[in-house]
Structures are given as C-alpha cells and as structure tokens.
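# Results of the structural survey
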Amino acid sequence: MAVSRDPVALYPDIAAEGSLAGALQAAADKEGLGVSFQASESDPLLHASVTSMVPHRTILGIGAWAVERRWSIRGCEAFQDLTLVQGNTQDLAQVARAAQAWHDGAELGEIHRAAPFVRLTGRFEVPDHDPAGLTESEWQHLRTEAGEMDWPEYRSLIEAAYAEPMLRGLYPFTSHWTLRFSTSTRPHLTVVPLCLDAHREKPYTLSTHYIGEVVAEAMTAEEAVSKALRHLPSGLGAVTLGTR
C-alpha cells in the first residue's frame, strides 16, 4: 500500500495530467464515456467534480486521499444536501463510470451497478420535495445505516421506532446516535422534545431534551418506543417542509 503526504509523489500520473479532472477525463475517454469533469481551483491534484443533468442533485464531489492512493465520491440531493451515494476505490475508471451515471441522471441503483464501489445510503430521491416522501427517505437511510453497524441495540431501536406509525410519521434524525424527531424536514427542523438512546448491553433511555435528564428506562427497544409515545406532544400534525 502506497503511503505518502506528497500528492505529486502519491499521484504522479495525476500530476502528469495536470489535475485530477484531467486524469478522470482521460480515463473517461478511454472508457468511451462522454462526461466532463471540472477541476478544483484550489487543489486540482486532489479534487474534481461533475455536474448532473437533473436539478434535484448536487455536483458529484470527487476527492483523492492524502496518505493513500484512493479516491472517494459523494453525491447529494439538492434540497436538504443529504448524501445519496458515496464510496471509495483505487480504480479511477470506476470513478469515471460512476460520474457518468450521476451526470446522466441514472437511478441510484443503476449507479451502483455501473460502479459497484458506490454505496447507497438508503435515501431515495424526492424531486417534488413532498414532505412525506422526504420523511420516508430519511427513515430508510437510518434503517440502512443501522443495518450496517455492529450495534444490535441501536438497530433494534430504529426498527422498533419505524414500526410505530405515530413515530414513523415524524421526520427522524440523529445527534450523536440519539434518535430524535421533527415535525418539519431539513433544512429547518422543528424539533419534538423526545430523545431515544440505545446503549450497548444497558437499558434504553428516554429523555425530553438532548443530553437532558432521563425520564424513563426500558429493557427492550419496543418498551422504549411504547414509553416514548406517552411523552409525545398532542396535535403534532403532518410533517411540513423545513423551509426558512
């Protein structure tokens, strides 16, 4: 494994092209792809980007690692700026294929199939910004994230909360792995005074404020959710768009 803090030494082929964007363009041309890359003005050897043809996506950011020869990508949805795709690879051609699919507006699963290093976060695209769709998308992200973690208590909490219709109807988010809820989507959350925490081999805890006093404990995720329902404010209503 190559290790260096000098980008020219770590990426001599990139330096020879003049920029990461130039090297990606050469890789794309070799693959017969038609995507165009933009170079970073501040750090052209380490950063590049690709625009998307669909307005509900941000640019795809591409970055080179500083101490190991590897490249990462990150692509977000535009309304909340939340990650849809990410991943890292040592294969520049795969980065080019992922960039082409992102640019063309391919479905997220198609991007993964075009470049298998791409990881899907579980979120799906909601071009019309429907609050219910954005809420479900965020739940699917939390479920995907929890399923990839070696933390069964946390995974059980997310699944138990999702199984409860009153909580599933709220927009979920986390702060340092504390499960919280809002009556509006990002970018401007309207926080519900309810916090659920999972602990490894310890009871679940419920508080009404982040890092606040614990008001209840439970031995199972289902019990924690049941107790949380008793602390939900009444008349919350449907989730709205979190616009300022």
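First things first, this report covers the structure right here in the doc.

Conventions used here
Residues numbered from 1 in each chain as written. Predicted model: local features only at pLDDT ≥ 70, side-chain atom pairs only at ≥ 80, totals over all residues. Heavy atoms only, no water. Helix = DSSP H or I, 4+ residues; strand = E, 2+ residues; numbered from the N terminus. Buried < 20%, exposed > 50% of the residue type's maximum accessible area, 1.4 Å probe, protein only. Contact = heavy atoms within 4.5 Å. Salt bridge = Lys/Arg side-chain N within 4 Å of Asp/Glu carboxyl O. Phe/Tyr/Trp six-rings, centres within 6.5 Å; stacked < 30°, edge-to-face > 60°. Lys NZ or Arg CZ within 6 Å of the ring centre and 35° of its normal. Pairing = 2+ DSSP bridges. Axes fitted to C-alpha atoms, helices over the stretch in contact; angles between N-to-C directions. Lys, Arg positive; Asp, Glu negative; His and termini not counted. Parallel < 35°, antiparallel > 145°, perpendicular 65-115°, else oblique. Left-handed = near helix turned anticlockwise from the far one by under 90°. Nonpolar A, V, L, I, M, F, W, Y, C, P; charged D, E, K, R; others polar.

## Side note on the environment of alanine 93
Within the secondary structure, alanine 93 sits in helix H4 (residues 92–104). Residue classification places alanine 93 among the buried positions, given a relative accessible area of 16%. Sequence spacing of alanine 93 and glycine 22 is 71 residues, and the spatial spacing of their C-alpha atoms is 13 Å. Setting aside residues no more than four positions away along its own chain, alanine 93 makes contact with Ala27 and Glu31.

## Examining helix H3 (residues 20–30)
For H3, the full list of buried residues reads Leu20, Ala21, Gly22, Ala23, Leu24, Ala27 and Ala28. Buried residues belonging to H3 abut helix H2 (12–17), strand E1 (38–39), strand E2 (47–50), strand E3 (57–64), strand E4 (71–77) and H4.

## What about the pattern of salt bridges?
Throughout the structure, instances matching the rule amount to ten salt bridges. With a closest N to O distance of 3.1 Å, arginine 70 and glutamate 68 form a salt bridge. The class for arginine 70 is buried, based on a relative accessible area of 17%. Between lysine 227 and glutamate 223 there is a salt bridge, with the nearest N and O atoms lying 3.3 Å from each other. One end of the pair, lysine 227, and the other, glutamate 223, are both in helix H9 (residues 221–230), four residues apart, so they sit about a helical turn from each other. Within this structure, Arg123, Glu138 and Arg186 form a network of salt bridges that share partners.

## Examining the packing of aromatic side chains
In this structure the tally under the stated criterion is five aromatic pairs. Between tyrosine 11 and tryptophan 71, the aromatic rings sit 5.6 Å apart at their centres with planes inclined by 45°, giving tilted as the arrangement. Of this pair, tyrosine 11 sits in the loop between helix H1 (7–10) and H2 while tryptophan 71 sits in strand E4, placing them 60 residues apart in sequence. Directly above the ring of tryptophan 102 sits arginine 57, whose terminal nitrogen or CZ lies 4.6 Å from the centroid.

## Observations regarding the sheet that holds strand E7 (residues 171–175)
In space, the five strands of this open sheet follow the order E7-E8-E10-E11-E12, with antiparallel pairing throughout. Taken across any chain shown, the strands that pair with only one partner, and hence form the sheet edges, are E7 and strand E12 (214–218). Each adjacent strand pair in this sheet contributes to an overall mean axis angle of 25°, direction not counted. Note that strand E10 (residues 191–197) and strand E11 (residues 204–207) share three bridges and pair antiparallel. Looking at the pairing, aspartate 197 lines up with threonine 205 of E11. Helix H6 (residues 131–147) contacts E7 and strand E8 (178–182) of the sheet and is inclined by roughly 40° relative to E7.

## Observations regarding the side chain of glutamate 164
Tracing the chain through its elements places glutamate 164 in the loop between helix H7 (152–163) and helix H8 (165–168). In this structure, glutamate 164 is buried with no salt-bridge partner, the nearest side chain bearing the opposite charge being arginine 168 at 7.2 Å. When residues no more than four places from it in sequence are discounted, the contact partners of glutamate 164 are Val225 and Leu229.

## Remarks on the pairing of E10
Counting buried positions over the seven residues of E10 gives five, a clear majority of the element. The sheet contact formed by E8 and E10 spans four bridges and is antiparallel. Bridge pairing in E10 places leucine 179 opposite leucine 196. In textbook terms, the turn of a hairpin is the stretch between consecutive antiparallel strands, and for E10 and E11 this stretch comprises six residues, one of which, glutamate 201, has a positive phi near 60°.

## Points about the pairing of E11
Neither face of E11 is open: one carries Tyr204 and Leu206, the other Thr205 and Ser207, and all of them are buried. Pairing geometry for E11 and E12, over four bridges, is antiparallel. What sits directly across from threonine 205, in E12, is glutamate 217. Taking the residues that link successive antiparallel strands as the turn, the E11-E12 hairpin has six residues, and the phi of isoleucine 211 there is positive, at about 55°.

## Remarks on the packing of H7 against H9
Running from amino to carboxyl end, H7 crosses H9 at an angle of 45°, the nearest separation of the two axes being 8 Å. In terms of orientation, H7 lies oblique with respect to H9. The handedness of the crossing between H7 and H9 comes out as right-handed. Of H9, the residues touching H7 (which contributes Ser156, Leu157, Ala160 and Ala161) are Ala221, Glu222 and Val225. For the contact of H7 with H9, the per-class residue count stands at five nonpolar, one polar and one charged.

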